[in-house]
Amino acid sequence: MSDFSKRVYDVVKCIPRGCVASYGQVAFLAGNPRGARGVGFILHRNPEPGIIPCHRVVFRDGSLCSGFAFGGIEQQRALLEREGVCFLSDGRVDLSQCGWLESKGCGI
């Protein structure tokens, strides 16, 4: 496993329950600001799906990933809803309420 992969998994483990972060935010916090696409590939190979909460990573506009590796978009939404993540009427996560770095309730 690469150092970047380890850092990505460490960052994702820090995203609190009920919050989400974007692929770009994870890449930035893991030390590669231009590595958002790489984050997606890394999370697709998540070695510990129950431990590393990759379902908490979404696109920068709050959209869910249609290729969510652990059950598809419906499963990702169900996991997030169980944690209390808020969704907009168009199906995107309400980042103003549930964004890890954007909202008051989920900030670090």
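The structure we're discussing is the one just above.
Predicted model, so just to flag it, every value in this text is computed and none were measured. (Residues numbered from 1 in each chain as written. Predicted model: local features only at pLDDT ≥ 70, side-chain atom pairs only at ≥ 80, totals over all residues. Heavy atoms only, no water.)

Novice: Describe the overall build of the protein, listing the residues and the values that go with them.
Specialist: Across its full length, the protein holds five helices and two strands. Along the protein, helices and strands appear, N-terminal first, in the series α-β-α-α-β-α-α. Relative to its 108 residues, the protein shows a buried fraction of 44%. Sequence-distant contacts, at least 24 apart, represent 55% of the contacts inside the protein between residues at least 6 apart. (Helix = DSSP H or I, 4+ residues; strand = E, 2+ residues; numbered from the N terminus. Buried < 20%, exposed > 50% of the residue type's maximum accessible area, 1.4 Å probe, protein only. Contact = heavy atoms within 4.5 Å.)

Novice: An account of the pattern of salt bridges is needed here, citing residue identities and associated values.
Specialist: The tally for this structure, following the rule as stated, stands at four salt bridges. The salt bridge partner of Glu81 is Arg77, with a shortest N-O separation of 2.8 Å. Separated by four residues within a single helix, Glu81 and Arg77 lie in helix H4 (residues 72-82), roughly one turn from each other. Look at Glu81 and you get partly exposed, because its relative accessible area is 41%. Where Arg92 meets Asp90, a salt bridge forms, and the shortest distance between an N and an O atom there is 2.7 Å. Taken together, the shared-partner salt bridges in this structure form one network comprising Arg17, Arg56 and Glu83. (Salt bridge = Lys/Arg side-chain N within 4 Å of Asp/Glu carboxyl O.)

Novice: Break down the packing of helix H1 (residues 3-13) against helix H3 (residues 36-44) for me, citing the residues and quoting the values.
Specialist: Packed helix pairs are characterised by how far apart their axes lie and by the angle those axes make with each other. Between H1 and H3, the least distance of the axes is 10 Å, while the angle of their chain directions is 80°. Between H1 and H3, the angle is such that the two are roughly perpendicular. Taking contact as the criterion, the partners of Phe4, Ser5, Val8, Tyr9 and Val12 in H1 are, on H3, Val39, Ile42 and Leu43. (Axes fitted to C-alpha atoms, helices over the stretch in contact; angles between N-to-C directions. Parallel < 35°, antiparallel > 145°, perpendicular 65-115°, else oblique.)

Novice: Account for a nonpolar patch on the surface, with residues named and values stated.
Specialist: A cluster of nonpolar residues, Phe28, Leu29 and Leu101, forms a patch on the protein surface that exposes about 280 Å² of accessible area. Assignment of secondary structure puts Phe28 in helix H2 (residues 23-29). (Patch = residues over 30% accessible without salt bridge, like charges linked within 9 Å, V, L, I, M, F, W, Y side chains within 5 Å. Areas by Shrake-Rupley, 256 points an atom, 1.4 Å probe, with all protein chains shown as cover.)

Function cannot be read off these values alone, since they describe shape.
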